[in-house]
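Each chain, written out:
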Amino acid sequence: MFRDVSSCNTYNYGDALYWDARYVQEGGSFDWYQRYSALRPFVRTYIPPPNSTVLMVGCGNAVMSEDMVKDGYESITNIDISSVAIHMMRTKYDHIPQLKYMQMDVRDMSFFLDESFDGVIDKGTLDSLMCGTDAPISAAQMLAEVCRVLKPGGTYMLITYGDPTVRMPHINRPVYNWKISLYNIPRPGFQKPESTSSSRKSYLDPIPLTEKGLLPPDFILEDPDSHYIYVCRKNKTEMDNIPPYRLTADIL
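From a predicted model like this one, the values you see are computed outputs, not experimental measurements.

The next point concerns helix H7 (residues 164-171). Residues of H7 that are buried include every one of Pro164, Arg167, Met168, His170 and Ile171, and no others. In an axial view of H7, the angular spread of the buried residues amounts to 165 degrees, which keeps them on one side of the axis. Buried residues along H7 sit in contact with helix H5 (125-130), helix H6 (135-149), strand S5 (150-160), strand S6 (178-185) and strand S7 (227-234).

What follows is the structure, given as structure tokens:
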């Protein structure tokens, strides 16, 4: 389990000082990878509103939590390692009681009790740690904390550029006791070439993985810059054998 060298640059994305400087310079708002409109079918299925307690890790200055509140969610706790980002977001959303913002390192969330959240959403935070120093250690610390704060039956939703060869070794470990389903969605604005053929009926279909947790040999990646959604459900005895959900149009 190594650092994602091929997908990283010289910045240390696990360093609070880097993010503080970036948010001071850029301001505004920015959503990594995907907007809530594209992720909505997955979020509403696995972390249903309105009563699910949600933890958004590495929230940055994204508007996804705001969009979720507009969609009926009533309790979203947002954390980020950057004190600059948290100050900006507290100021921006101090009139929305459903949103709470806290400065916190995802590798140490000891402020939260065990089994505090129904869902944890990660849009690029694990990816950032995988580009930092001591990446495997940081990833293990983060995932252990995510597992700890999840309720039995809760869902950790990881949105990432990492395919199963580089993400499964970290998330598919017996200690986490997660049942994992995988989805793949194109990047925003992607247009499928007319000449492209695919056996996939819909991106709402979970991808059948091999016994080793990898993509099947005949899987066609329509968009090489697409994003993977790992839905990791924390098992409890009665959930051990449940299949992945089939998402349907009525939640779009």
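With that out of the way, let us pick up the pairing of S5. Burial of S5 is extensive: eight of the eleven residues sit out of reach of the surface. In this structure, strand S4 (residues 117-123) lies alongside S5, joined through six bridges in parallel fashion. Its bridge partner being in S5, Val120 is matched across the sheet by Tyr156. As judged from the six bridges shared by S5 and S7, these two strands associate in the antiparallel manner. Paired with Ile159 across the strands is Ile229, a residue of S7.

Membership of the largest hydrophobic core comes to 34 residues, with the highest contact counts inside it found for Met109, Tyr156, Ile171 and Trp178. At seven residues, the largest contribution of residues to this core is made by H6. Listed in part, the 30 residues of the second largest apolar core include Phe42, Met157, Ile159 and Ile229.

Let's shift gears to helix H4 (residues 83-92). Helical geometry note: an α-helix holds 3.6 residues per turn, so side chains three or four residues apart project in the same direction. Taken residue by residue, H4 has Ala85, Ile86 and Met89 as its buried positions. Down the axis of H4, the buried side of the element spans an arc of 95 degrees, and every buried residue falls inside it. Measuring from the side-chain oxygen of the N-cap residue of H4 to the backbone nitrogen of Val84 gives 3.3 Å; that N-cap residue is Ser82.

So, on to the packing of aromatic side chains. Applying the stated criterion to the full structure yields ten aromatic pairs. Judged by centre distance (5.1 Å) and plane angle (90 degrees), the ring pair of Phe112 and Phe117 falls under edge-to-face. Accessibility classification places Phe112 together with Phe117 in one group, the buried group. Here the aromatic rings of Tyr156 and Trp178 are separated by 5.3 Å at their centres, their planes lie at 40 degrees, and the arrangement is tilted.

Sheet architecture is open: seven strands sit in the order S3-S2-S1-S4-S5-S7-S6, paired in mixed fashion. In this open sheet, the two strands that pair with only one neighbour each are strand S3 (99-103) and S6. The sheet shows a mean angle of 20 degrees between the axes of neighbouring strands, taken without regard to direction. H6 rests against strand S1 (54-57), S4, S5, S6 and S7 of the sheet, and its axis sits at about 140 degrees to S5.

In this structure the tally under the stated criterion is two cavities of 30 Å³ or more. Approximately 110 Å³ is the volume found for the largest cavity. What lines the largest cavity is a set of 14 residues, among which Met56, Gly58, Cys59, Ala62 and Lys123 lie closest to the centre. Listing elements by their share of the lining of the largest cavity, those giving two or more residues are S1 and helix H3 (64-70).

When you line up the elements, Lys179 lands in strand S6. As for Lys179 and Gly153, which are separated by 26 residues in sequence, their C-alpha atoms are 9.7 Å apart.

In this section: the pattern of salt bridges. Here the idea is simple: oppositely charged side chains can pair when their charged atoms come close. All told, the structure shown has eleven salt bridges when counted by the stated rule. Asp67 serves as the salt-bridge partner of Arg35, at 3.7 Å between the closest nitrogen and oxygen. Note that Arg35 is positioned in the loop between helix H1 (16-26) and helix H2 (36-46) and Asp67 in helix H3, a separation of 32 residues in sequence. Here Arg35 falls in the partly exposed class, since its relative accessible area comes to 43%. Ionic pairing is found between Arg148 and Asp114, a salt bridge with its closest N-O pair at 2.8 Å. Of the two residues, Arg148 is situated in helix H6 and Asp114 in the loop between S3 and S4; the sequence distance between them amounts to 34 residues. On the accessibility criterion, Arg148 (22% relative accessible area) is partly exposed. Through salt bridges that share partners, Arg40, Arg44 and Asp71 make up one connected network.

A word on the pairing of S6. Most of S6 sits out of view: seven of its eight residues are buried. As paired elements, S6 and S7 share eight bridges and run antiparallel to each other. In the strand pairing of S7, Ile185 is matched with His227.

Cut-offs used in this document
Residues numbered from 1 in each chain as written. Predicted model: local features only at pLDDT ≥ 70, side-chain atom pairs only at ≥ 80, totals over all residues. Heavy atoms only, no water. Buried < 20%, exposed > 50% of the residue type's maximum accessible area, 1.4 Å probe, protein only. Helix = DSSP H or I, 4+ residues; strand = E, 2+ residues; numbered from the N terminus. Arc of directions from axis to C-beta. Contact = heavy atoms within 4.5 Å. Pairing = 2+ DSSP bridges. Core = buried A, V, L, I, M, F, W, Y, C linked by side-chain atoms within 4.5 Å. Polar contact = N/O pair within 3.5 Å; in protein donor to acceptor, adjacent residues only side chain to side chain. Phe/Tyr/Trp six-rings, centres within 6.5 Å; stacked < 30°, edge-to-face > 60°. Axes fitted to C-alpha atoms, helices over the stretch in contact; angles between N-to-C directions. 1 Å grid on protein atoms, 1.4 Å probe; cavity = no way out; pocket = protein on both sides within 12 Å on 5 of 7 lines; lining within 4 Å. Points joined across faces, edges and corners; volume = space filled by probe spheres on them. Salt bridge = Lys/Arg side-chain N within 4 Å of Asp/Glu carboxyl O.

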